[in-house]
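Reading the structure
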Amino acid sequence: MLWSLLRIVFFVLAVLVLAFGADYLLQADAVMRVSFAGYEISLRPLPLAIAVLLLTLAGWLVMKALGLAVAVIRFFSGDETAISRYLDRDRERRGFQALGDGMLALAAGEGRLALIKAQRAQKYLDMPVLTQLLTAQAAEVSGDTSRAEAAYKVLLSDPRTRFVGIRGLLNQKLAEGDKDTALKLAEKAFELKPRDANLQEVLLKLQSGAADWKGARATLQAQARAGVLPKEVWRRRDAVMALQEAKVVVDETASIEAQEAAIAANKASPDLIPAAAMAARSYIAKGDRKNATRVLKKAWEARPHPDLAAAFAEIEPEESPEARVKRFRVLTAIQPQHPETQQLLAELSIAAEDFPAARRALGDLATSHPTQRALAIMAAIERGEGGDEATVRAWLSRALTAPRGPQWCCDKCQAVHSAWGPTCENCGGFDTLSWREPNETHGPSATGAELLPVIVSGPKSRADVP
């Protein structure tokens with residue numbers, strides 16, 4: 001709109017300037033005399049201006065005639081395309097001018113103007129690769145998605161622009177939320193350019209969202225080969241995907257394959273808590289208690305976690321509480337000052353009804369670092385030792401408003417999850433969940449399952465082990 005108004009204003013000003021100029025020349029009294037070869041010509045200003053314009057036009061026509069004559073001579077000399085090249089030269093000049101103007105308009109964000117220039121360039125130039133690409137991008141900027149899609153589909157027919165066409169359609173489908181079609185397009189584009197870093201990231205996200213963990217691991221391998229990911233990051237993410245692949249196999253009730261996949265995931269990243277727990281349960285299902293213990297010990301050394309303790313309890317599901325306290329010394333001897341180790345030992349002692357030992361194991365954790373779980377353990381100790389009801393209720397009341405303690409938190413959006421997953425349900429980040437205390441440390445528990453997990457939940461039976 002503004003551009004059209006400026007053009008109208010410019011046209012009116014040009015007409016006014018020409019009118020005032022013509023009026024000035026008509027009223028001028030000056031005379032110009034030209035002498036040449038004994039002839040003398042006297043011209044007033046207006047006829048002189050007209051003569052100059054006519055001479056300029058005549059010179060331009062002479063140059064064009066000479067160019068055409070040269071083209072004809074070349075044609076008769078054997079150059080069969082000389083005349084066609086001469087005639088197309090002006091069209092190419094106009095076409096390239098329109099193409100350049102369209103690119104400048106596109107860079108300035110003027111989608112409609114760029115689209116007009118693209119149409120003009122398409123009219124003069126026989127270069128569909130450039131003109132269709134400009135048309136597609138200009139249509140996208142102007143919001144004409146159907147026209148952009150049509151232009152991208154035209155680009156698919158040329159091997160040189162097939163990747164650009166697929167990439168353009170992929171971006172459109174992502175904007176529309178059609179992830180199924182976007183996944184197919186991303187896979188096709190990946191076949192054409194497997195080393196494109198941005199495409200690898202998009203494909204990996206789509207495959208993760210579709211739970212295509214086998215394909216996602218192949219894409220991750222391509223990222224590692226291209227040098228996009230450091231080796232340790234690749235191993236960690238591959239372990240996460242292997243773990244999810246194992247879970248899918250479990251859902252399909254193929255236990256042997258699930259066991260192997262879980263063990264492979266744990267070997268790739270021993271500090272990945274869910275992988276260690278699943279690998280241990282796989283060994284338990286095979287009757288291999290030694291390897292199950294080894295896996296859980298190694299993971300506990302990296303980071304103590306309630307899930308590891310629950311899996312360790314499943315190794316001997318029928319043992320007495322006293323025997324369990326002794327067997328768990330394999331874990332509790334590792335990082336004995338860690339809050340998770342202290343709370344675990346206190347829970348085991350409570351189950352064995354050894355409340356003084358539970359109090360010693362918990363130490364001053366209920367006061368130095370009070371969490372819902374620590375305060376609930378303290379309430380259980382008070383009740384077990386015969387404390388009055390008011391004291392027990394006081395500990396439980398504090399537990400309701402105390403910090404929740406470590407949770408699965410997203411490192412990108414800080415969302416808190418009740419269970420570990422490969423992607424954040426809030427922001428979609430891949431492998432962003434870590435076991436730590438959330439930034440918002442206060443608030444009531446959603447389920448209460450984190451309070452005394454070994455005591456409340458108890459060990460699973462062998463029939464529940466995958």
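Presented here is a report on the structure given in the accompanying data block. Fair warning: this is a prediction, and the values are worked out from it, not measured in the lab. (Residues numbered from 1 in each chain as written. Predicted model: local features only at pLDDT ≥ 70, side-chain atom pairs only at ≥ 80, totals over all residues. Heavy atoms only, no water.)

1. Observations regarding the packing of aromatic side chains
Short version of the rule: Two rings from Phe, Tyr or Trp (for Trp, the six-membered ring) form a pair when their centres sit within 6.5 Å of each other. Planes less than 30 degrees apart are called stacked, planes more than 60 degrees apart edge-to-face, and all others tilted. Secondary structure elements follow DSSP: runs of H or I of four or more residues count as helices, runs of E of two or more count as strands, with numbering from the N terminus. Think of it in three bands: residues with accessible area under 20% of the maximum for their type are buried, residues over 50% are exposed, and the middle band is partly exposed, with areas taken using a 1.4 Å probe on protein chains only.
A complete count under the given rule lists 2 aromatic pairs for this structure. With a centroid separation of 4.8 Å and an interplanar angle of 80°, the aromatic rings of Phe312 and Phe328 are classed as edge-to-face. With a gap of 16 residues between them, Phe312 in helix H15 (residues 306-313) and Phe328 in the loop between helix H16 (321-327) and helix H17 (329-332) connect regions that are remote in the sequence. With respect to class, Phe312 is no different from Phe328; both count as buried.

2. Side note on the packing of helix H13 (residues 273-286) against helix H14 (residues 289-302)
The test is simple: With axes taken as lines fitted to C-alpha atoms, and helix axes fitted only over the stretch in contact, angles between N-to-C directions fall between 0 and 180 degrees. Any angle from 65 to 115 degrees is called roughly perpendicular, while one under 35 is roughly parallel, one over 145 is roughly antiparallel, and all others are oblique. Definitions for this section: a left-handed crossing has its near helix turned counterclockwise from the far helix by less than a right angle. A right-handed crossing has that turn clockwise. Contacts are assigned to residue pairs with any non-hydrogen atoms lying within 4.5 Å of each other. Side-chain classes follow a simple rule in which Ala, Val, Leu, Ile, Met, Phe, Trp, Tyr, Cys and Pro form the nonpolar group, Asp, Glu, Lys and Arg form the charged group, and the remainder, Gly included, forms the polar group.
One can describe the packing of H13 onto H14 by two numbers: an axis separation of 8 Å at closest approach and a directional angle of 170°. By the criterion of interaxial angle, the relationship of H13 to H14 is roughly antiparallel. Seen along the crossing, H13 lies across H14 with a hand that is left-handed. Residues Ala276, Ala277, Ala279, Ala280, Tyr283 and Ile284 of H13 form the contact with H14, whose participating residues are Asn291, Ala292, Arg294, Val295, Leu296 and Ala299. Across the contact of H13 with H14, the residue classes break down as 10 nonpolar, 1 polar and 1 charged.

3. With respect to the pairing of strand E5 (residues 433-436)
This is how the line gets drawn: Two strands form a pair only when DSSP identifies at least two bridges running between them.
The alternating pattern of E5 places Leu433 and Trp435 on a buried face, while none of Ser434 and Arg436, on the opposite face, is buried. Bridge count between strand E3 (residues 407-410) and E5: 4 bridges; the pairing is antiparallel. When the sheet's bridge partners are listed, Trp408 is paired in E5 with Trp435.

4. Let's talk about H13
Convention followed: A helix's residues, less one, multiplied by 1.5 Å, set its expected span.
Here H13 contains 14 residues, and its C-alpha end-to-end distance of 20 Å stays within 8% of the 20 Å for a straight helix at 1.5 Å per residue. Within the sequence span of H13, burial applies to Ile273, Pro274, Ala275, Ala276, Ala277, Met278, Ala279, Ala280, Arg281, Ser282, Tyr283 and Ile284. Downstream of H13 by one or two residues, Gly287 has phi in the positive range, about 85°.

5. Examining the environment of Ser146
Spelled out, the test is: Within 3.5 Å is the distance limit for a polar contact, defined as a pair of N or O atoms, with the added protein rule that one can donate a hydrogen and the other accept it, and that residues adjacent in sequence qualify only through two side-chain atoms.
Locating Ser146 in the fold gives a position in helix H6 (residues 145-155). Separated by 26 residues in sequence, Ser146 and Gln172 place their C-alpha atoms 9.9 Å apart. Only 3.1 Å separates the side chain of Ser146 from the side chain of Asp144, close enough to count as a polar contact.

6. A word on the packing of helix H7 (residues 162-176) against helix H8 (residues 179-192)
Two elements in contact, H7 and H8, have axes separated by 9 Å at closest approach and are oriented at 155°. One element, H7, and the other, H8, form an angle in the roughly antiparallel class. Here the hand of the crossing between H7 and H8 comes out left-handed. In contact with Arg162, Phe163, Ile166, Leu169, Leu170, Lys173 and Leu174 of H7, H8 contributes Thr181, Ala182, Leu185, Ala186, Lys188, Ala189 and Leu192. Here the contact of H7 with H8 is composed, by residue class, of 10 nonpolar, 1 polar and 3 charged.

7. Overview of the layout of surface pockets
Rules: Buriedness of a pocket was judged along seven lines, with at least five required to meet protein on both sides within 12 Å; pockets are open sets of points on a 1 Å grid over the protein atoms alone, cavities are sets where a 1.4 Å probe fits but cannot get out, and lining residues have an atom within 4 Å of a point. Grid points are joined across faces, edges and corners, and a volume is the space filled by probe spheres set on the points.
Empty space within the second largest pocket amounts to approximately 600 Å³. As for the second largest pocket, its lining consists of 25 residues, of which Lys205, Leu206, Ser208, Gly209 and Gly428 are closest to the centre. Listed by contribution, the elements that provide at least two residues to the lining of the second largest pocket are H8, helix H9 (197-209) and helix H11 (231-251). A total of 7 residues in the lining of the second largest pocket trace back to one element, the largest contributor, which is H9. Looking at the lining of the second largest pocket, its residues break down into 12 nonpolar, 7 polar and 6 charged.

8. A look at the side chain of Thr161
Locating Thr161 in the fold gives a position in the loop between H6 and H7. Accessibility expressed as a relative area gives 7% for Thr161, which makes it buried. Residues in contact with Thr161, not counting those within four places in the same chain, are Val129 and Leu155.

9. Section: a nonpolar patch on the surface
Inclusion rule: Residues forming no salt bridge and having over 30% relative accessible area are the ones grouped into patches, like charges within 9 Å of each other and nonpolar side chains (Val, Leu, Ile, Met, Phe, Trp, Tyr) within 5 Å. Surface accessibility in these figures is a Shrake-Rupley result with a 1.4 Å probe; residues are shielded only by whichever protein chains are displayed. Basic side-chain nitrogens of Lys or Arg form a salt bridge, by our definition, when they fall within 4 Å of a carboxyl oxygen of Asp or Glu.
A grouping of Leu5, Ile8, Val9, Phe11, Val12, Leu13, Val15, Leu16 and Phe20 is seen on the molecular surface, where their side chains present a nonpolar patch of about 890 Å² in accessible area. Take Val15: it is sitting in helix H1 (residues 2-27). Owing to a relative accessible area of 40%, Val15 belongs among the partly exposed residues under this scheme.

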